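What follows is each chain in one-letter form.
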Amino acid sequence: MYDTLITGATIIDGSGSRPYNANVALFGDRIVFIGKEGISRARRQIDGRGLVLAPGFIDIHTHTELEALRRNTMTARLMQGITTDVSGNCGIGVFPVSSGLAKAVEDVLGTYPVWSWSDYRSFRDTLISRGIGINEALLVSHTAVRLAAMGEDAGREATDDEIDRMCQILSDELDKGARGFSSGLYYAPCVFASRKELLRLLSVVKEKGRLFSVHHRCEGDDVEVSLAEVLSLAAESGVRLEVSHLKAIGKENQHKVDNLLRMIEDARSGGVDVKFDQYPYTFGSTSLFSLLPPSILAHSRLEQRLALSLENEREDIRKEMLHPSGWDSIYSMVGPDDIKVIYLENGRKYSGMTLSEIGRERGEDPLDALFDLLSEETGLAVMEDITESEESLLKIMAHPLMCFGSDSLYSSPIPHPRSRHAAVEFLSSYVIGRSLMPLEEGIRKLSGEASDRLSLPDRGYIREGYKADMVLFDPSKLAVDGDSNKGIDYVFVNGAAAVENGEPTGTLSGQVI
């Protein structure tokens, strides 16, 4: 007897192939039957007529590893149809643990009271022991590797001995089961990595056959030079490259998007295994402190706050931010009208206000207001910024080498909407609403594409013998409605119903993969 039988659904299998109608049976955590034949014996039967049955969505770019401990049912993910997260992106992760790591990542990952793990294996065991509502695949992060090898003095170029230690640490973590390696060359301390360091680390990733995911150094004025750097690193090392959230930041840089896509196409034609991901929003979210220059971010948060409180140092920081050289000054490219505070732990009354609005309220220049707020902030500081045009976003998302990634983060009590709605927004507003691509292609970008990039052997497709991670939804009702997502009827994670009749069940059937 089967556990679950879904009858009469339209199957979109994750490969991009044309939809078809069939019955699908589950037993344990597997899909065990797909066909037209009637089946009479199943513990539960679900009428799938008028609904689409797709593979569970795989989010190739998330920051949810600590959220999986704080809220282990992962309802915000499941209600989008997401059954697998890939965490540890942008060089920001939770293992291997060393002094200073928890503080270094808290603006993106949030906080967790007791870090009882030390490495990939013990973090995996921590997740499993608590239970999780979705699957987690984990990348080794460059920040954690640098801090483990260099200590808290990681705001500089590494020595040869330190690079050797990094390579050994990375090799060990990959051997323990991590799915790949990520760097955030925009963020400290990864921004201080030399080409030698990166090539040595990527040689380890290549040797292990894993994926390299990178938030490259500049996504604004120098975006073409920055993209060329990571493409050349991939060409020289032979590593599989995933460019994170491809974009060109700033109104003056939108014309560069066509060339960015050509550069990736040319690299791929030349033998580089490169693709990219993106989320369906023109505005992003990250730490408010990341607006500061790398020369300041190299220091501890306490030293950063001290520098911002001293008038002579503030003036130097102002000059660097308004006239940057070799780094992305989001402030100068985007401007204070388009940078909004999502959350300030010590200045909550400013949540939802732009830097211009805050400046007016305080009777200050917006940049002075920013400096004052950051010099006083001892906790979380998270922002939104309008990064690109709708036209550019459409070009990037429609490209055949694009893979869905939400860039979700849950450090703030007021998260970016991509953290709760990105998959539904992508399908309902862009794939269906704007006919950006056929539905089967949109589903492929949400499932089979990510599975192939991560070399997952039995997920991402509706196939017999594969894990029963699946989404049953009504495309005619799929929509973001305020704080809710509509149209998701059932979500199965490893064969268990995690969403049933549009409501989360609280099951903890996820795995670390």
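Residues numbered from 1 in each chain as written. Predicted model: local features only at pLDDT ≥ 70, side-chain atom pairs only at ≥ 80, totals over all residues. Heavy atoms only, no water.

## As for the pattern of salt bridges
Consideration 1: Applying the stated criterion across every chain yields a total of 43 salt bridges.
Consideration 2: The closest approach of N and O atoms between Asp273 and Arg453, which form a salt bridge, is 2.7 Å. With Asp273 in the loop between α9 (257–269) and β13 (274–278) and Arg453 in helix α19 (residues 448–454), this pair connects stretches of sequence that are 180 residues apart.
Consideration 3: The network of salt bridges with common partners includes Arg314, Glu315, Arg318, Arg362, Glu364, Asp365, Asp368 and Asp372. (Salt bridge = Lys/Arg side-chain N within 4 Å of Asp/Glu carboxyl O. Helix = DSSP H or I, 4+ residues; strand = E, 2+ residues; numbered from the N terminus.)

## Here we look at the layout of surface pockets
Consideration 1: In this structure, the largest pocket occupies an estimated 690 Å³ of space.
Consideration 2: Looking at the largest pocket, it is lined by 28 residues, and the ones nearest its centre are Ala104, Ala188, Leu297, His299 and Gln304.
Consideration 3: Counting residues per element, the lining of the largest pocket draws most heavily on helix α3 (residues 101–109), at 6 residues.
Consideration 4: For the lining of the largest pocket, a count of residues per class yields 12 nonpolar, 10 polar and 6 charged.
Consideration 5: Reported here for the second largest pocket is a volume of approximately 310 Å³.
Consideration 6: Glu67, Arg70, Arg71, Tyr410 and Ser412 are, among the 18 residues lining the second largest pocket, the residues nearest its centre. (1 Å grid on protein atoms, 1.4 Å probe; cavity = no way out; pocket = protein on both sides within 12 Å on 5 of 7 lines; lining within 4 Å. Points joined across faces, edges and corners; volume = space filled by probe spheres on them. Nonpolar A, V, L, I, M, F, W, Y, C, P; charged D, E, K, R; others polar.)

## Let's talk about the environment of Gly209
Consideration 1: The topology assignment puts Gly209 in the loop between α7 (195–208) and β11 (211–215).
Consideration 2: Taking the C-alpha atoms as reference points, Gly209 and Val239, 30 residues apart in sequence, are found 7.8 Å from one another.

## A short note on the environment of Ser389
Consideration 1: One can find Ser389 in the loop between β16 (381–386) and α16 (390–398).
Consideration 2: Here the alpha-carbon distance between Ser389 and Tyr281, two residues 108 residues apart in the chain, equals 9.4 Å.
Consideration 3: When neighbours within four sequence positions are excluded, Ser389 is seen to be in contact with Gln254 and Thr282. (Contact = heavy atoms within 4.5 Å.)

## Description of empty space enclosed by the protein
Consideration 1: Under the criterion given, the structure shown has 2 cavities of 30 Å³ or more.
Consideration 2: Approximately 220 Å³ is the volume found for the largest cavity.
Consideration 3: Lining of the largest cavity is provided by 23 residues; of these, Tyr187, His215, Glu219, Ser285 and Thr286 occupy positions nearest its centre.
Consideration 4: Breaking the lining of the largest cavity down by element, the ones donating at least two residues are β14 (283–287) and β16.
Consideration 5: Sorting elements by how many residues they give to the lining of the largest cavity places β14 first, with 3 residues.
Consideration 6: Looking at the lining of the largest cavity residue by residue, the class counts come to 10 nonpolar, 7 polar and 6 charged.
Consideration 7: Computed from the structure, the second largest cavity encloses a volume of approximately 40 Å³.
Consideration 8: In this structure, the second largest cavity is lined by Gly56, Ile58, Thr83, Thr84, Arg459, Gly460, Tyr461, Lys467 and Asp469.
Consideration 9: Its residues assigned to classes, the lining of the second largest cavity comprises 2 nonpolar, 4 polar and 3 charged.

## Details of the pairing of strand β3 (residues 30–35)
Consideration 1: Examined bridge by bridge, strand β2 (residues 20–27) and β3 share 5 bridges and lie antiparallel to one another. Bridge pairing in β3 links Leu26 to Ile31.
Consideration 2: Between the antiparallel neighbours β2 and β3 lie 2 residues, among them Gly28 with a positive phi of about 60°. (Pairing = 2+ DSSP bridges.)

## Quick notes on the sheet that holds β16
Consideration 1: Reading across from one edge, β14-β16-β15 is the order of the 3 strands in this open sheet, with antiparallel pairing throughout. Every other strand in the sheet has two partners, leaving β14 and β15 (339–344) as the edge strands with one partner each. Adjacent strand axes in the sheet meet at a mean angle of 25° when their direction is disregarded.
Consideration 2: As paired strands, β14 and β16 are joined by 5 bridges and run antiparallel to one another. Within β16, the residue paired with Ser287 across the bridge is Val382. (Axes fitted to C-alpha atoms, helices over the stretch in contact; angles between N-to-C directions.)

## As for the packing of helix α12 (residues 311–322) against helix α15 (residues 366–376)
Consideration 1: It is at 11 Å that the axes of α12 and α15 come closest, and there the two elements cross at 125°. Judged on the interaxial angle alone, α15 and α12 are oblique. For α12 against α15, the interelement crossing comes out right-handed. Counting all contacts with α12, which are made through Arg314, Ile317, Arg318, Met321 and Leu322, the residues of α15 involved are Leu367, Asp368, Leu370, Phe371 and Asp372.
Consideration 2: Residue composition of the contact of α12 with α15, by class: 6 nonpolar, no polar and 4 charged. (Parallel < 35°, antiparallel > 145°, perpendicular 65-115°, else oblique. Left-handed = near helix turned anticlockwise from the far one by under 90°.)

## Regarding the sheet that holds strand β17 (residues 402–404)
Consideration 1: In spatial order, the strands read β6-β8-β9-β10-β11-β12-β13-β17; together these 8 strands make up an open sheet with parallel pairing. Looking at the sheet topology across the chains shown, the edges are occupied by β6 (57–59) and β17. Taking the axes of each pair of neighbouring strands and ignoring which way they run, one obtains an average angle of 30° across the sheet.
Consideration 2: Bridge count between strand β8 (residues 82–87) and strand β9 (residues 135–141): 4 bridges; the pairing is parallel.

So far we have only geometry, and geometry alone does not tell us how the molecule works.
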